[in-house]
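Okay, here's what each chain looks like letter by letter:
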Amino acid sequence: YVHERRARVLATRLAELIPARQSVLDVGCGDGLIDALLMTGRPDLDIDGVDLAVRPNARIPVVVFDGHRLPYPDRSRDLVLFCDVLHHADRPEALLCEGRRVARRRVLIKDHFAATSIDRAVLRLMDFTGNAPHGVATPYRYFSPSEWDEAWRVARLSVHRLTRELHMYPWWLDAFFGRRLHFIAALDCNHGT
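Everything numeric here is computed off the predicted structure, so don't read it as measured data. Every chain begins its residue count from 1, and numbering advances along the sequence as written. Local features in a predicted model are, by the rule used here, given only for residues with pLDDT of at least 70; side-chain atom pairs are given and counted only at 80 or more, and totals for whole chains, interfaces and linings are based on all residues. Side-chain descriptors were evaluated using all non-hydrogen atoms of the structure, hydrogens and water having been removed beforehand.

Notes on the side chain of His182
Moving on, step 1. Here a strand is any run of E in DSSP of at least two residues, a helix any run of H or I of at least four, and the numbering for each starts at the N terminus. Within the secondary structure, His182 is located in strand S7 (residues 182–189).
Moving on, step 2. At a separation of 2.9 Å, a polar atom in the side chain of His182 contacts the side chain of Lys110.
Moving on, step 3. Pairs of N or O atoms within 3.5 Å make up the polar contacts considered here, provided that, within protein, one atom can donate a hydrogen while the other can accept it, and that residues adjacent in sequence are counted only when both atoms are side-chain atoms. Reaching out from His182, the side chain makes a polar contact with the backbone oxygen of Phe177 at a distance of 2.8 Å.
Moving on, step 4. Among all residues touching His182, those that are not within four sequence positions of it are Lys110, Asp111, His112, Met126, Thr163, Arg164, Leu166, Met168, Tyr169 and Phe177. We call two residues contacting when some pair of their heavy atoms lies within 4.5 Å.

Quick look at the structure:
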């Protein structure tokens, strides 16, 4: 119930931030449920994914990658999506730079803000519960808002839109697990010359 509700809410929120007729690369796409829901509401999108392994029930085309280098040329997709992926990466800043390299226009991130030790404890519980049973690495690497700002600056990404009011969970869970721990950021690529 929580997994599917979360996927529906995220697909709706992400759809609002993606311009018409975009090619999207979902990094760490998992089973592609969010992408399938996105394309149901937005058939104008062309979405494929990369992940460390291809799941047998994948709902989109998925290419295996090493977790570091995206196997795509520079600026080969309009948009690159990281949905709850960067806090699992060995080097999140480097992977974010890879996303900007591949994206022509924008990088979308759904992840967490961890401003306090309580935030970190709640996120660890959520990460362990949701990921450990599936064998997903959980290094518990959560950035504070200022650390995210620095990561975006280093990756030459500028905030187009940021929202922290996601309401992914039923109200009785959202009070504890939602709060303002989650965000979606639409970041414009600054490729320069």
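There's more to say after this.
Digging into helix H2 (residues 33–41)
Moving on, step 1. Burial classification: accessible surface area is computed with a 1.4 Å probe over protein chains only, and a residue below 20% of its type maximum counts as buried, one above 50% as exposed, and the rest as partly exposed. Every buried residue belonging to H2 is among Leu33, Ile34, Asp35 and Leu38, and all of these are buried.
Moving on, step 2. Residues of H2 that are buried make contact with helix H1 (2–15), strand S1 (23–27), strand S2 (46–51) and strand S4 (77–83).

Brief notes about the nonpolar core
Moving on, step 1. Counting 33 residues, the largest nonpolar core has Leu10, Leu14, Ile34, Leu38, Leu81 and Leu108 as the members making the most contacts within it.
Moving on, step 2. At the level of secondary structure, the elements contributing two or more residues to this core comprise H1, H2, S4, helix H4 (117–131) and S7.
Moving on, step 3. Among the elements that line this core, the one with the most residues is H1, at 6 residues.
Moving on, step 4. Look past the residues within four positions of Leu38 in its chain and what remains in contact with it is Ala11, Leu14, Ala15, Ile18, Leu45 and Ile47. Nonpolar cores were defined as sets of buried Ala, Val, Leu, Ile, Met, Phe, Trp, Tyr and Cys residues, with membership established by side-chain atoms within 4.5 Å.

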